[in-house]
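# Tertiary structure, described
So you can see what is in the structure, the chains are spelled out below.
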Amino acid sequence: MDNARPHFEKGGRLEMFHSVYEGMDTFLFTPRETGGIGTVHIHDAMDSKRTMILVVLALMPCFFFGMYNTGYQHWLACGLSEFPFWSLMWYGFLAVLPLVLTTYITGLTIEFASAQIKGEEIQEGFLVSGLLIPMILPVDTPLWMAAVATAFAVIFAKEVFGGTGYNIFNVALVARAFLFFAYPANMSGDNAFVPVGKALGYGPVAPDAYSCATPLGQIATSTDPATTLVGADGTPISAWDAFLGLIPGSFGETSLLCILIGGAFLLLMRIIDWRIVISVFLGAVIMGSVTHHFATPLYPNSYLTPLDQFLYGGLAFAAVFMATDPVTAARTNTGKWIYGALIGVIAILIRTYNNGYPEGAMLAVLLMNAFAPLIDWCVVQANIRRRLRRKAQSKISC
């Protein structure tokens, strides 16, 4: 890389690709440039690229389990009774590979072009966003839809605001929101969320008449509040299956166990703030208890217990990997408690009292992304007023 550097410097024959070179060089190696003496820069081995890589590592339990569950759900849909581990993993890998490649190629192409046009270094935020987008989508999402949604999110939710660190909305959630409102039939949750065809030519084929909805989709479209949730093979879903993640759903959101493992790793590495995670869970538990107490057949999701709210859908995944985004979340400690609690409350309200949209975590996070600066401003102003009162009281006492 050092020998190739002169070709990408100003005046070199590959000068137009300088941003691409810098991006690859700093991705592979720790940059040598540091702030000089007297500057305000923090000298630390942990830069943003390393932070993003740790987040990617934290997503790996959900990602690998998503591979297994994709194969498992497909085998169930095909009516098979034997589940060879490596066959399921290989099927899941082949099923999600085109989706991952599509999001990364689309997003990185736009980011590389934007960095080159602006003459800036390539930002590393898409290392995480490019993996999150396929993980929060059904694995059978058409590739052209994923490409359009990724392009929309990167351009209109990130680059127009200035790039990584300046976006006000979570990029991955904007991509999912775009698909939900542009192509609701593919994202609503009441259609098949289980791959039924071969994955790049591998695997058995499910019957043509097969269909299966997500648990939340089954509840929202049911007229019986005591309806039994079933899996891809028509058998009832147990709480243990839901905890492990062996249920229909988006690729990486189904396993509460893997989400908790990834969250524990991020907390241990101090990548995310525990205040946001706990406050989201507390807000959801409180509002889930209220809606469950006042359950009504008019809104079947109100019969879900607070635990069910975390077992089904993407609420837990959003609490750990979406709401904690340091760019779009609140910055003050008090603001983080308010921000997280409101996400939990609003998510339960949306998924309970809107039968047309049984999954409320996405909209709750995006809504609070917009209000996070206002929350911080209110907290800061309250601190200022409190200190002014304290100062005035100290003068009076003197």
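Scroll up a little and you will see the structure.
Residue numbering note: each chain is counted from 1, following its sequence as written. Only residues with pLDDT of at least 70 are given local features in this predicted model, and only at 80 or more are side-chain atom pairs given and counted; all residues enter the totals for whole chains, interfaces and linings. Each side-chain value is derived from all of the structure's non-hydrogen atoms; neither hydrogens nor water enter the calculation.

## Here we look at the packing of helix α6 (residues 143–156) against helix α7 (residues 171–182)
Two elements in contact, α6 and α7, have axes separated by 8 Å at closest approach and are oriented at 130°. Our classification of the angle between α6 and α7 gives oblique. Taken as a pair, α6 and α7 cross one another with a handedness that is right-handed. Two secondary-structure elements touch here, α6 through M145, V148, A149, F152, A153 and V154 and α7 through V171, V174, A175, F178 and L179. Along the lines of polarity and charge, the residues of the contact of α6 with α7 split into eleven nonpolar, no polar and no charged. Note on method: axes are straight lines fitted to C-alpha atoms, helices fitted across the in-contact stretch only, with angles between N-to-C directions ranging 0 to 180 degrees. Secondary structure elements are taken from DSSP: a helix is a run of H or I of four residues or more, a strand is a run of E of two residues or more, and numbering for both begins at the N terminus. Here the word oblique covers every angle except those under 35 degrees (roughly parallel), over 145 (roughly antiparallel) and from 65 to 115 (roughly perpendicular). Take the far helix as the reference: if the near one is turned anticlockwise from it by less than a right angle, the crossing is left-handed, and if turned clockwise, right-handed. Any pair of residues with heavy atoms lying within 4.5 Å of one another is described as a contacting pair. Three classes are used, and their members are as follows: Ala, Val, Leu, Ile, Met, Phe, Trp, Tyr, Cys and Pro are nonpolar, Asp, Glu, Lys and Arg are charged, and the others, Gly among them, are polar.

## Re helix α14 (residues 315–322)
Three labels apply to residues, based on accessible area from a 1.4 Å probe with only protein chains included: buried if under 20% of the type maximum, exposed if over 50%, partly exposed otherwise in between. α14 sits mainly inside the fold: eight of its eight residues count as buried. Inspection of α14 places L315, A316, F317, A318, A319, V320, F321 and M322 among the buried residues, and these make up the whole buried set.

## Digging into the packing of aromatic side chains
Each aromatic ring pair is specified by the distance between its two centres and by the angle formed by the two planes. In summary, the pairing rule links any two rings of Phe, Tyr or Trp, Trp by its six-membered ring, whose centres are within 6.5 Å, and it sorts them by plane angle into stacked for under 30 degrees, edge-to-face for over 60 and tilted for everything else. All chains considered together, the criterion is met by 20 aromatic pairs. Measuring from ring centre to ring centre gives 5.0 Å for F180 and F181, while their planes differ by 80°; the resulting arrangement is edge-to-face. On the basis of relative accessibility, which here comes to 55%, the residue F181 falls in the exposed class.

## Focus on a positive patch on the surface
Excluding any residue in a salt bridge, patches collect residues exceeding 30% relative accessible area, merging like charges within 9 Å and nonpolar Val, Leu, Ile, Met, Phe, Trp and Tyr side chains within 5 Å. Reported accessibility uses the Shrake-Rupley method at a 1.4 Å probe radius. Residues are deemed covered only where the shown protein chains occlude them. Note on definitions: salt bridges are taken to be side-chain nitrogens of Lys or Arg within 4 Å of carboxyl oxygens of Asp or Glu. Only four residue types enter the charge count: Lys and Arg as positive, Asp and Glu as negative, with His and the chain ends excluded. For charged residues, the charge sits on one atom: NZ in Lys, CZ in Arg, CG in Asp, CD in Glu. Taken together, the side chains of R385, R386, R387, R389 and R390 define a basic patch exposed on the protein surface. One can find R385 in helix α16 (residues 361–397). Residue classification places R385 among the partly exposed positions, given a relative accessible area of 46%.

## Quick word on the pattern of salt bridges
Here the structure, examined in full by the defined rule, presents seven salt bridges. Residue D25 is joined to R5 by a salt bridge in which the shortest nitrogen-to-oxygen separation is 2.9 Å. Separated by 20 residues along the polypeptide, D25 in helix α2 (residues 18–28) and R5 in helix α1 (residues 5–8) bring together distant segments of the chain. Between R351 and E359 there is a salt bridge whose closest N-O contact spans 2.9 Å. The pair formed by R351 and E359 is uniform in burial state, with each residue classed as buried.

## A few points about the side chain of T102
With respect to the helices and strands, the residue T102 is situated in helix α4 (residues 85–118). Apart from residues no more than four positions distant in its own chain, T102 is found in contact with L143, A146 and A147.

## A word on unusual backbone geometry
Backbone geometry places L200, a non-glycine residue, at a positive phi of 50°. Within the secondary structure layout, L200 lies in the loop between α8 (184–187) and α9 (215–220). The phi dihedral of R270 falls on the positive side, at around 60°, and the residue is not glycine. Residue position: R270 is located in the loop between α11 (256–268) and α12 (274–293).

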